[in-house]
Amino acid sequence: MLPQLAGEIRAFLVERVCAVGGHLGPNLGVVELTLALHRVFDSPRDALVFDTGHQAYVHKLLTGRQKGFVGLRQEDGLSGYPSRSESEHDLVANSHASTALSYADGLAKARQLAGEQDRCVVAVIGDGAMTGGLAWEGLNNIGAARERRVVVVLNDNGRSYAPTTGALSTHLRTLQKGGRAQTYRNVFTDLGFAYVGPVDGHNIAELEQELHRARQMDRPVVVHVKTVKGKGYGPAEQDEADHLHAVGVVDPVTGRAAVAALGTAGTSSPSPARSWTSVFAGALVEVAVRRPEVVAVTASMLRPTGLGIMAERFPERVFDVGIAEQHAVTSAAGMAMAGLHPVVAIYATFLNRALDQVLMDVALHRLPVTFVLDRAGITGPDGASHHGMWDLSVFSTVPGLQIAAPRDPVQLTELLDEAIALDGPTMLRIPKATASPGMEALARMDGIDILHRSSARSLDVLIVALGPLAAQALKAARELEEFGIGSTVTDPRWILPVNPALPALAARHRLVVSVEDNLRQGGAGTALLEACQDTGVTTPVVRLGLPHAFIEHAPRQQLLERYGLTAEAITNAVLVARSAPAPPSPMWASAPLAARAPSAATPPKTT
Ligand SMILES: Cc1ncc(C[n+]2csc(CCOP(=O)(O)OP(=O)(O)O)c2C)c(N)n1
Ligand SMILES: CC(=O)[C@@H](O)[C@H](O)COP(=O)(O)O
Ligand SMILES: [Mg+2]
C-alpha cells in the first residue's frame, strides 16, 4: 500500500512540477522519508522543521494541500517553501539553508520549559545544508543538552546542486560505506548525539523502524538517512549537473525545456544564451585569462552563479566552500591578503548573512575582493526569502565598498574589468532575467553615462536609472516627450557611494526621479537624496523602489509592475510631481511644468 502511495506521489510530483516549474530532484528524493516522518511523528503536535524548505512538497501533499499545486509558486498560489499562513504543519518559511537545527534547539528549549518534552522536535536537514556554519552552532547546542529530545534527520543524498564538497562529505561517505553492522564513533556521537544509520531512505519499513527507535530515545539523536536526489525519475537521476534540483516548465518525458527557456544546469533561469548569469560567466573567464591573480569563490552554487565555464577552464582557481557564505567571504579576504583578487559569486539574498564578513573581514582591511551578486532585485517564484532586494540598503553601509549596477552586457564586462582593477572591495549586482539589449551612452560625464537628453527641455527631469532599469527609464523619457516634458536619462554605473557629479547634475533640473530594483528605504535613491541635501541641492527627488515589506512569490515581471519599477510608473511619478504644488524655488517660479501642460492627452493608466 505504502509503496503504491509513494509511486502515486512521485508521478504527481513529476507531472505537476514539470508543468509549472519548481524543485523536482529534492522532493523526489524524500517521498518515502516524508511518508515515514508523518507516520512516526504526530505533526503539528510534534514539530517537523525542514531545512531550506525546498524539499517540503511531499509534506504539503500529506497535509492536505494537493489542490494548491495547480498554482505552485504562482501569484496567490502555493509557496514553494513551507508557509505558516498555509498550514499549522509549517514552521519555517525562510529558504536560506542551515537554519533548521537552530530552530529545533529553540523549540526544544521552549518545550522543556513548558514541561512538554513528550512533544518531539524533528529537524530534517540535507547534507549540503549541513556544510553551513549555523548548522554546527545548532549541533553544538543540541548535543550539549542530553536531556532534551531532538531528532536530527540528516537527508544525505551526497549533493547540494553538485556533489557536496568538504571534509564532512568525505566523513559521511565513510559512514555510509561502513553500513549499519558496526557501531560508530563519529562526528555526531563525539558531540553527544546518539547515531542511527545509515538508513535506506527509500525503504519505508526500515525508515519507520529507525525513526521509532530515535523517537523513543530521550536524548538528541542523528538519524543518518541515505537517499537519491531525483529518485525514481530517470531524467533527474541521470542529470549530472544537479539531478534537476530546480526546473522551469519542462517536458515530463525528458525533464528538459521544450524551447530554449531552460536556464543553466536545469534551473528555472532564463535561457543560457541570454541570461545575465551567462554574460557574467563569459566576462569572468575573459578577465581571468588576462589576470592570473583572479580566482572565483562559490558557496555551493557553482553553475547557478555562472562559474561553470571558469571551473572548466581554470579548475585550480575556482573554490566551492559548501553552503558557507560567511566562510566564503572571509576565506576570500585571506586570499586577497596573499595577493589574489577573489571574485565571490553569490546570490544577493544569501550574502545578507555575511554582512559582518564583508564589513569587518574585507572592507576594514580595504581588501581587493569583488562580489558579483546574481539574483539581485525581484527574483519571483522563490518568494520573500529569495528576492535580492536588500543588498544596496545593507551594503551601502560598508565604508570603502564601491557598488556598480551594469545596465547591459557591455557595461557588465566593462564594470567587471574596472572592479578587478580597483585595489579595494567592489560589488556588482545583476538580476534574474535575460540580459538587456545594448544601451549606448550619448556621452560619459564625470563617470556618469548620459543615455538620453531631450532637445529643448532636457532640464525638466533627471531620471537616474540603476542597472537594467535604464531601459524603462528610456521608455519613460519617450512617453514624457508626448506631454511636453523633457528629460535627461543617466546611468551612474558606479551607484554607491553616490558620484558627486550627480547632485550637481540634479541641481540643473526641476525634478529628479531615481528607480531601483532594491528596497526604496536606504537604497541608492535615498543615498542620492542625502547627497543632494548634503550639498544644498534643493531639486525634489522622487525615489522609486521596492516597499519596506516581505514580498510574496509571483512572476518577476508581475511584481516589477505591481511595485512600480516600470516606464509607466516613472512617467506617472513625473506627471504627479508636475501637478503637485511646486516648492518655492526660482527655477519653478519662472515656468512651472503645470503651466506648460500640453493638450488634453491623458497620463498612462496605472495598475
Ligand atoms: C544560505 C543559502 N545558500 C544557498 C542556498 C541555495 N540552495 C538551495 S538548496 C541548495 C542545496 C541544498 O542541498 P541539501 O541541503 O543537501 O538539500 P538537497 O537539495 O540535497 O535535498 C542550495 C545551495 C540557500 N537556499 N541558502
Ligand atoms: C532553494 C534555493 O535556494 C534555490 O534552489 C533557489 O530556488 C534558486 O533558484 P534559481 O537559481 O532558479 O534562482
Ligand atoms: Mg543533499
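Residues numbered from 1 in each chain as written. Chains lettered and ligands numbered in written order. Predicted model: local features only at pLDDT ≥ 70, side-chain atom pairs only at ≥ 80, totals over all residues. Heavy atoms only, no water.

## Notes on the overall build of the chain
Here is step 1 of the chain: In terms of helices and strands, the chain carries 23 helices and 18 strands.
Here is step 2 of the chain: Computed over the C-alpha atoms, the radius of gyration of the chain is 26 Å, within 12% of the 25 Å expected from 2.2 N^0.38 for a compact globule of 607 residues.
Here is step 3 of the chain: Dimensions along the principal axes, computed over C-alpha positions, put the chain at roughly 85 × 55 × 50 Å.
Here is step 4 of the chain: Within the chain, the proportion of its 607 residues that are buried is 60%.
Here is step 5 of the chain: Restricting the contact set of the chain to residue pairs at least 6 apart, pairs at least 24 apart contribute 76%.
Here is step 6 of the chain: Summed over all atoms, the accessible surface of the chain reaches about 23,100 Å², with 56% contributed by carbon and sulfur. (Helix = DSSP H or I, 4+ residues; strand = E, 2+ residues; numbered from the N terminus. Rg over C-alpha atoms; globule rule 2.2 N^0.38 Å. Buried < 20%, exposed > 50% of the residue type's maximum accessible area, 1.4 Å probe, protein only. Contact = heavy atoms within 4.5 Å. Areas by Shrake-Rupley, 256 points an atom, 1.4 Å probe, with all protein chains shown as cover.)

## Here's the deal with the packing of helix 1 (residues 2–20) against helix 3 (residues 31–40)
Here is step 1 of the chain: Here helix 1 crosses helix 3 at 125 degrees, and the two axes come no closer than 10 Å. By the angle between their axes, helix 1 is oblique relative to helix 3. Remark: the crossing between helix 1 and helix 3 carries right-handed chirality. Of the residues in helix 3, those in contact with Leu2, Leu5, Ala6, Ile9, Arg10 and Leu13 of helix 1 are Val31, Glu32, Leu35 and Arg39. (Axes fitted to C-alpha atoms, helices over the stretch in contact; angles between N-to-C directions. Parallel < 35°, antiparallel > 145°, perpendicular 65-115°, else oblique. Left-handed = near helix turned anticlockwise from the far one by under 90°.)

## Here's the deal with the site of ligand 2
Here is step 1 of the chain: Around ligand 2 lies a shell of 13 residues, among which Tyr161, His245, Tyr347, Arg375 and His386 are the nearest.
Here is step 2 of the chain: His23 is positioned with one of its side-chain polar atoms (N or O) 2.9 Å from an oxygen atom of ligand 2.
Here is step 3 of the chain: For ligand 2, an oxygen atom lies 3.0 Å from a polar atom in the side chain of Asp382.
Here is step 4 of the chain: For ligand 2, the protein covers 96% of the area, taking 360 Å² as the surface of the free molecule.
Here is step 5 of the chain: Looking at the shell around ligand 2 residue by residue, the class counts come to four nonpolar, six polar and three charged. (Near = heavy atom within 4 Å. Polar contact = N/O pair within 3.5 Å; in protein donor to acceptor, adjacent residues only side chain to side chain. Nonpolar A, V, L, I, M, F, W, Y, C, P; charged D, E, K, R; others polar.)

## Regarding the side chain of His54
Here is step 1 of the chain: Checked against the element boundaries, His54 lands in the loop between strand 1 (47–50) and helix 4 (57–61).
Here is step 2 of the chain: The class for His54 is buried, based on a relative accessible area of 14%.
Here is step 3 of the chain: If sequence neighbours within four positions are ignored, His54 has contacts with His23, Pro26, Asn27, Gly80, Tyr81 and His245.

## A closer look at the coordination of the magnesium ion (ligand 3)
Here is step 1 of the chain: Protein-derived coordination of the magnesium ion (ligand 3) comes from Asp127 (OD), Asn157 (OD1) and Arg159 (O), at a distance range of 2.0 to 2.2 Å.
Here is step 2 of the chain: Each donor residue of the magnesium ion (ligand 3) lies on one chain, and together they are spaced D-x29-N-x1-R. With Asp127 in the loop between strand 2 (121–126) and helix 6 (133–144) and Arg159 in the loop between strand 3 (150–156) and helix 7 (167–178), the pair connects residues that are 32 residues apart, well separated along the chain.
Here is step 3 of the chain: Here Arg159 falls in the buried class, since its relative accessible area comes to 11%. (Donors = N, O, S within 2.8 Å, 3.2 Å for Na, K, Ca; no water.)

## Digging into the packing of helix 18 (residues 470–481) against helix 22 (residues 567–579)
Here is step 1 of the chain: One way to put it is that helix 18 packs onto helix 22 with a least axis distance of 8 Å and a crossing angle of 50 degrees. Compared by their axis directions, helix 18 and helix 22 come out oblique. Taken as a pair, helix 18 and helix 22 cross one another with a handedness that is right-handed. Between helix 18, through Gln472, Ala473, Lys475, Ala476, Glu479 and Leu480, and helix 22, the contact on the second element is made entirely by Ala567, Glu568, Ile570, Thr571 and Val574.
Here is step 2 of the chain: For the contact of helix 18 with helix 22, the residue count by class is six nonpolar, two polar and three charged.

## Quick look at the nonpolar core
Here is step 1 of the chain: Among the nonpolar cores identified, the biggest contains 52 residues, and Leu351, Val358, Val369, Phe371, Phe395, Ile403 and Met427 are the most heavily contacted of them.
Here is step 2 of the chain: By residue number, the principal contributor to this core is helix 13 (residues 325–337), which donates six residues.
Here is step 3 of the chain: Structurally, this core is a two-domain feature, drawing no fewer than three residues from each of domain 2 (276–429) and domain 3 (443–579).
Here is step 4 of the chain: Excluding residues within four positions of it along the chain, Val369 makes contact with Ala332, Ala333, Ala336, His341, Pro342, Val344, Val362, Gly424, Pro425 and Thr426.
Here is step 5 of the chain: The next biggest cluster of nonpolar side chains, apart from the first, holds 48 residues, and it includes Val17, Val30, Val31 and Leu78. (Core = buried A, V, L, I, M, F, W, Y, C linked by side-chain atoms within 4.5 Å. Domains from an automatic or database assignment.)

## Quick word on the pattern of salt bridges
Proximity of charged atoms lets side chains of opposite charge pair with each other.
Here is step 1 of the chain: For the structure on display, the rule yields 34 salt bridges.
Here is step 2 of the chain: Note that Asp449 is salt-bridged to Arg407, the shortest N-O span being 2.9 Å. Of the two residues, Asp449 sits in strand 13 (residues 448–453) while Arg407 sits in the loop between strand 10 (402–404) and helix 17 (409–421), which places them 42 residues apart along the sequence.
Here is step 3 of the chain: Among the ionic pairs, Arg444 bridges to Asp449, the shortest N-O distance being 2.5 Å. (Salt bridge = Lys/Arg side-chain N within 4 Å of Asp/Glu carboxyl O.)

## Comments concerning the domain arrangement of the chain
Here is step 1 of the chain: Domain boundaries assigned for the chain yield domain 1 (25–229), domain 2 (276–429) and domain 3 (443–579).
Here is step 2 of the chain: Each of domain 2 and domain 3 has a C-alpha centre, and the two are 26 Å apart.
Here is step 3 of the chain: Counting the surface lost from both domain 2 and domain 3, the interface buries some 2,400 Å², and carbon and sulfur atoms represent 60% of this.
Here is step 4 of the chain: Contact with domain 3 buries surface across domain 2, with Ile378, Met389 and Arg407 losing the most and accounting together for 29% of the total.
Here is step 5 of the chain: Linking domain 2 to domain 3 there are five salt bridges.
Here is step 6 of the chain: In this structure, the salt-bridge partner of Glu418 is Arg493, at a minimum N-O distance of 2.6 Å.
Here is step 7 of the chain: Joining domain 2 to domain 3, the criterion identifies 21 residue pairs in polar contact (both at pLDDT 80 or more).
Here is step 8 of the chain: Of all elements in the fold, only helix 16 (391–395), strand 10, helix 17 and strand 11 (426–429) reach the threshold of two or more residues within the side of domain 2 that touches domain 3.
Here is step 9 of the chain: Top element by residues in the side of domain 2 that touches domain 3 is helix 17. It accounts for five residues.
Here is step 10 of the chain: Residue composition of the side of domain 2 that touches domain 3, by class: 18 nonpolar, eleven polar and five charged. (Buried area = accessible area lost by both parts, 1.4 Å probe.)

## A look at the pairing of strand 14 (residues 461–465)
Here is step 1 of the chain: The buried fraction of strand 14 amounts to five of the five residues, a majority that puts the element mostly inside the structure.
Here is step 2 of the chain: What you see with strand 14 is no split at all: Val461, Ile463 and Ala465 on one side and Leu462 and Val464 on the other are buried throughout.
Here is step 3 of the chain: In this structure, strand 14 lies alongside strand 15 (residues 487–491), joined through four bridges in parallel fashion. Bridged to Ile463 within strand 15 is Val489. (Pairing = 2+ DSSP bridges.)

## Quick notes on the site of ligand 1
Here is step 1 of the chain: In the vicinity of ligand 1, 22 residues are found, and the nearest of them are His54, Gly128, Asn157, Lys229 and Glu325.
Here is step 2 of the chain: One of the backbone N or O atoms of Ser95 is found 2.8 Å from a nitrogen atom in ligand 1.
Here is step 3 of the chain: Here an oxygen atom of ligand 1 and a side-chain polar atom of Lys229 are 2.7 Å apart.
Here is step 4 of the chain: Each of two domains, domain 1 (25–229) and domain 2 (276–429), supplies a minimum of three residues to the shell around ligand 1.

## What about helix 18?
Here is step 1 of the chain: In this model helix 18 runs 17 Å from its N-terminal to its C-terminal C-alpha over twelve residues, within 8% of the 16 Å that 1.5 Å per residue would give.
Here is step 2 of the chain: The set of residues buried in helix 18 consists of Ala470, Ala473, Leu474, Ala476, Ala477, Glu479 and Leu480.
Here is step 3 of the chain: Buried residues belonging to helix 18 abut strand 13, strand 14, strand 15 and helix 22. (Expected span 1.5 Å × (residues − 1).)

## Some thoughts on the sheet that holds strand 5 (residues 221–226)
Here is step 1 of the chain: Taken together, five strands build an open sheet; the order of strands is 1-2-3-5-4 and the sheet is parallel. Looking at which strands have only one partner, the edges of the open sheet turn out to be strand 1 and strand 4 (194–200). Averaged over all neighbouring strand pairs, the angle between strand axes comes to 20 degrees, with direction disregarded.
Here is step 2 of the chain: Contacting strand 1, strand 2 and strand 3, helix 5 (residues 100–113) crosses the sheet at an angle of about 175 degrees to strand 2.

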